[in-house]
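For reference, the chains in residue letters:
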Amino acid sequence: MTATATPDWLTRPELGLCPCGCIGRRRKGSFVEKTMTGAAGVLRAAMLSDDTATGPGLLQRVDARVKVLALLASLVTAGLVHHVAVLAAMYVVTLALAVASRLSLSFFVKRVWLFVPIFTGVVVLPATLNLVTPGHVVVPLGTWFGQPVGVTAQGLTSAGLIVTRVATSISLVVLVTLTTSWSRLLAALRALFVPRVFVAVLGMSYRYLFHLLDAVTDMYTARKARTVTRDRDVASSRRYVAASAGALFGKAQALSEEVHFAMLARGYTGDARTISNTRLRVRDMVFALAVLAALIVTIGGDRVLVR
Amino acid sequence: MSSFADHARVAERETLLALHGVSFRYLDRFAALDDVSLTVERGERVALLGANGCGKSTLLKILDGLVFPHTGRYDAFGVGVTEDSLEDEQFSRGFRSRVGFVFQNSDAQVFSPTVREEIAFGPLNMGMGADEARVRVDDVLTMLDIVDLAERAPYQLSGGEKKRVAIASVLVMNPDVLLFDEPTAALDPRTQRWLLDLVVELHRAGKTIVVATHDLDALDALADRCVVFSEDHRVVADGDPGRVLDDTALLLAVNLVHEHGHRHGSFLHSHPHADGHHGEERCAASETRSGAQSPFGATSSTSNPSRSSR
């Protein structure tokens, strides 16, 4: 091997802290940094979700298949209910189940209500106005082309119904995902006749999402470790993101080829086979019956209130 | 041993894998293997030695029927292994169950949602019943001391744990031949030791082992035969580890060891060096006055780095 000569500059210390002891200007994180922090947050949330899914609460003890079926039935019921009070009662039940499953109530509520105003509130807001939903104006807002504009009672009722329905539905989904580990959820989907290849692809996508998120975080950390001045140029950040996306695409492609080889090496021929699920227990049956009874009562109560 | 006994032992030999004049190129341009001929007998422990990029991993992929030579022929258990022959379901199932491959990158090999499902993947794809597969999975989990990991997701595992799971997922199929690609790479010393002990144990159990490595320190545990690849992707030596490791000129030529220089007081001296270990230091062989521009001398001694380091 050839001899290696050490350049002179490598033996000299670089200028570190300013000799006068002054403190430089502080800078805020770029959009890239925020995105990376978000990616790390996704990882942490998934880890937390797995922790809560193996906890000692009520829903954690119920078979995943029963939970998935109960969820589907509950979502359909929430869609069929026409009375806000009934939906509100369903929502209160989800809160009670969250407490019984030893989930943090504040975390559970925040996780639901963080998205409801953003995705539903914006959509239903115009529907509260008399321009969209005619009716008795309860909050006058002024005039538009000579016509009085305001929030109507009928509009508020419709908006309330939609928001409560969405909040209840999201609560049900969050309840099941927080109390069921991903692997059991996939096993439940397989048992409920979702195509095996679809479930296998879903499972592998989720698994490698973590791997690639790690790769992204590593790439960003490596860049950050060598960034000593403020990057004023947004274009350079964009270039970095584009280059990272390209590198990540290459990594993902190489990884997918290796994974395919690893599957072939163990006899994969296109048909995903998995170990069958465990049997249902009495408590699973009791839970299923209880949910069924509750949903019948809910629909019955809604019909009575609508009349 | 008498010549008769030697003859009897040779007669008992059974060639499991045989490569005849195999060449392989990536994208039809970048050579990975050039006219490689090699046989692996039942019960052997073969180490494929060579610097990075010499074609060891590609050779393992060919031995596992994952890629196919552009020229030459590969036979396993007396049958030609080609894309065509692996389309035969019976041959494919027989071949896959008899040859197991532990990849260097455990992340690629551990792809299922849980460890238990990962280990069951092979047996189930081989057509084994769920009950039998479940028993085998439990046995392998116990054997490799990873029962606690059974329900864990791969992203919750450390590097060493992933390696154990990857090995379990191959062992559960009870293959005759085990192919390992850089098994000790990126593992902590404790896990490396565990892995080397496992290879010894598997060999005692009658398994044939083929290991691609450049870890010369692990050779004693890993191999009783070394096949050395040059950087131009050809086989340049094939023999027992002692003979190969004693050939310093060969190891220098294939870049498995390098000249290392360091300072003793005001003197600099150099000797061959491998994997962070000093060889038998013969300071008298080449000493240089301090003050030379480069700290790394270019002269070489004849001491063997690896043998003396162990």
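Residues numbered from 1 in each chain as written. Chains lettered and ligands numbered in written order. Predicted model: local features only at pLDDT ≥ 70, side-chain atom pairs only at ≥ 80, totals over all residues.

What should I look at first to understand the overall build of chain B in this one?
Looking only at helices and strands, chain B has twelve helices and 14 strands in total. Here chain B holds 310 residues, and 43% of them are scored as buried. A separation threshold of at least 6 residues defines the contact pool for chain B, and within that pool the share at least 24 residues apart is 64%. (Helix = DSSP H or I, 4+ residues; strand = E, 2+ residues; numbered from the N terminus. Buried ≥ 20, exposed ≤ 12 C-beta atoms within 10 Å, placed from the backbone. Contact = placed C-beta atoms within 7 Å.)

Where do I start with unusual backbone geometry in this structure?
Most peptide bonds take the trans configuration, and most residues that are not glycine carry a negative phi. One non-glycine residue, Arg102(A), adopts positive backbone phi at about 60°. Tracing the backbone shows Arg102(A) in the loop between helix H3 (84-100) and helix H4 (105-113). A count of 14 C-beta atoms within 10 Å places Arg102(A) in the partly exposed class. Here Glu182(B), not a glycine, exhibits a phi torsion of approximately 45°, which is positive. Tracing the sequence through the fold places Glu182(B) in the loop between strand S7 (177-181) and helix H8 (189-204).

Please explain the environment of Leu149(B) as it appears in this structure.
All names here are of chain B. When you line up the elements, Leu149 lands in the loop between helix H6 (130-143) and helix H7 (159-171). Counting along the chain gives 33 residues from Leu149 to Arg116, while the straight-line C-alpha distance between them is 8.2 Å. In this structure Leu149 touches Val115, Leu157, Glu161 and Val165, once residues within four positions along its chain are discounted.

What is the right way to look at the environment of His20(B) in this model?
Residue and element names in this part refer to chain B. Note that His20 resides in strand S1 (residues 15-26). Residue His20 is classed as partly exposed on the basis of its 16 C-beta neighbours within 10 Å. Spatially, the C-alpha atom of His20 lies 29 Å from that of Thr184, the residues being 164 residues apart in sequence. Excluding anything up to four places from it in sequence, His20 contacts Ser37, Gly72 and Arg73.

Is there a simple way to explain the sheet that holds strand S8 (residues 208-213) of chain B in this structure?
Within a beta sheet, neighbouring strands are joined by backbone hydrogen bonds and run either parallel or antiparallel to one another. All names here are of chain B. Read across the sheet, six strands follow the order S6-S7-S8-S3-S9-S10 without closing on themselves; strand pairing throughout is mixed. Of all the strands in the sheet, the pair left with one neighbour each is strand S6 (99-102) and strand S10 (235-239). For this sheet the average axis-to-axis angle between neighbouring strands, irrespective of direction, equals 15°. (Pairing = 2+ DSSP bridges. Axes fitted to C-alpha atoms, helices over the stretch in contact; angles between N-to-C directions.)

Could you clarify how one ought to interpret the interface of chain B and chain A in this entry?
How big an interface is tends to be stated in terms of the accessible area lost upon association of its parts. Listed by partner, the interface residues are 38 residues for chain B and 27 residues for chain A. Counting only elements with at least two residues in the side of chain B that touches chain A, the list comes to helix H3 (89-98), helix H4 (106-109), helix H5 (115-125), H6 and strand S11 (258-264) of chain B. Broken down by element, the residue count for the side of chain B that touches chain A peaks at seven residues, all from H5(B). Residue classes in the side of chain B that touches chain A are distributed as 18 nonpolar, eleven polar and nine charged. (Nonpolar A, V, L, I, M, F, W, Y, C, P; charged D, E, K, R; others polar.)

Hey, could you run me through helix H9 (residues 234-265) of chain A in this one?
Since there are 3.6 residues in each turn of an α-helix, residues three or four apart along the chain are aligned in direction. The terminal C-alpha atoms of H9(A) lie 46 Å apart, and with 32 residues this matches the ideal 46 Å at 1.5 Å per residue to within 8%. By the burial criterion, the buried members of H9(A) are Val259(A), Ala262(A), Met263(A) and Ala265(A). The secondary structure elements touched by the buried residues of H9(A) are H3, S6 and H4 of chain B. The first or second residue beyond H9(A) is Gly267(A), which carries a positive phi of 90°. (Expected span 1.5 Å × (residues − 1).)

So what exactly am I meant to see when it comes to the sheet that holds strand S5 (residues 79-80) of chain B here?
Residue and element names in this part refer to chain B. Taken together, four strands build an open sheet; the order of strands is S2-S1-S4-S5 and the sheet is antiparallel. Here the strands that pair on one side only, and so sit at the sheet edges, are strand S2 (30-41) and S5. For strand S4 (residues 71-76) and S5, the ladder comprises two bridges, and the chain directions are antiparallel. If you follow Ala76 over to S5, its bridge partner there is Val79.

Would you explain the packing of helix H5 (residues 116-124) of chain A against helix H6 (residues 153-179) of chain A in this entry?
Axis angle and axis distance: for two packed helices, these are the angle between their axes and the distance between the axes, and together they describe the pair. All names here are of chain A. Between H5 and H6, whose axes approach to 10 Å, the crossing angle comes to 155°. One element, H5, and the other, H6, form an angle in the roughly antiparallel class. H6 is crossed by H5, and the crossing has right-handed handedness. Contacts from Val116, Thr120, Gly121 and Val124 in H5 reach Ala159, Ile162, Val163, Val166, Ala167 and Ile170 in H6. Each residue belonging to the contact of H5 with H6 can be placed in one class, and the counts come to eight nonpolar, two polar and no charged. (Parallel < 35°, antiparallel > 145°, perpendicular 65-115°, else oblique. Left-handed = near helix turned anticlockwise from the far one by under 90°.)

What's the story with helix H2 (residues 56-63) of chain B in this structure? I'm lost.
Residue and element names in this part refer to chain B. Judged by how many residues are buried, H2 sits mostly within the fold: seven of eight residues are covered. For H2, every residue scored as buried is listed here: Lys56, Thr58, Leu59, Leu60, Lys61, Ile62 and Leu63. Remark: Gly65 follows H2 within two positions and exhibits a positive phi of approximately 65°.

Please explain the pairing of S8(B) as it appears in this structure.
Consecutive side chains of a regular strand alternate in pointing toward one face of the sheet and then the other. Residue and element names in this part refer to chain B. Burial runs high along S8: six of the six residues are buried. Here S8 shows two buried faces, one formed by Thr208, Val210 and Ala212 and the other by Ile209, Val211 and Thr213. Pairing geometry for strand S3 (residues 45-49) and S8, over five bridges, is parallel. In the sheet register, Ala47 faces S8, and the bridge partner there is Val211. As paired elements, S7 and S8 share five bridges and run parallel to each other.

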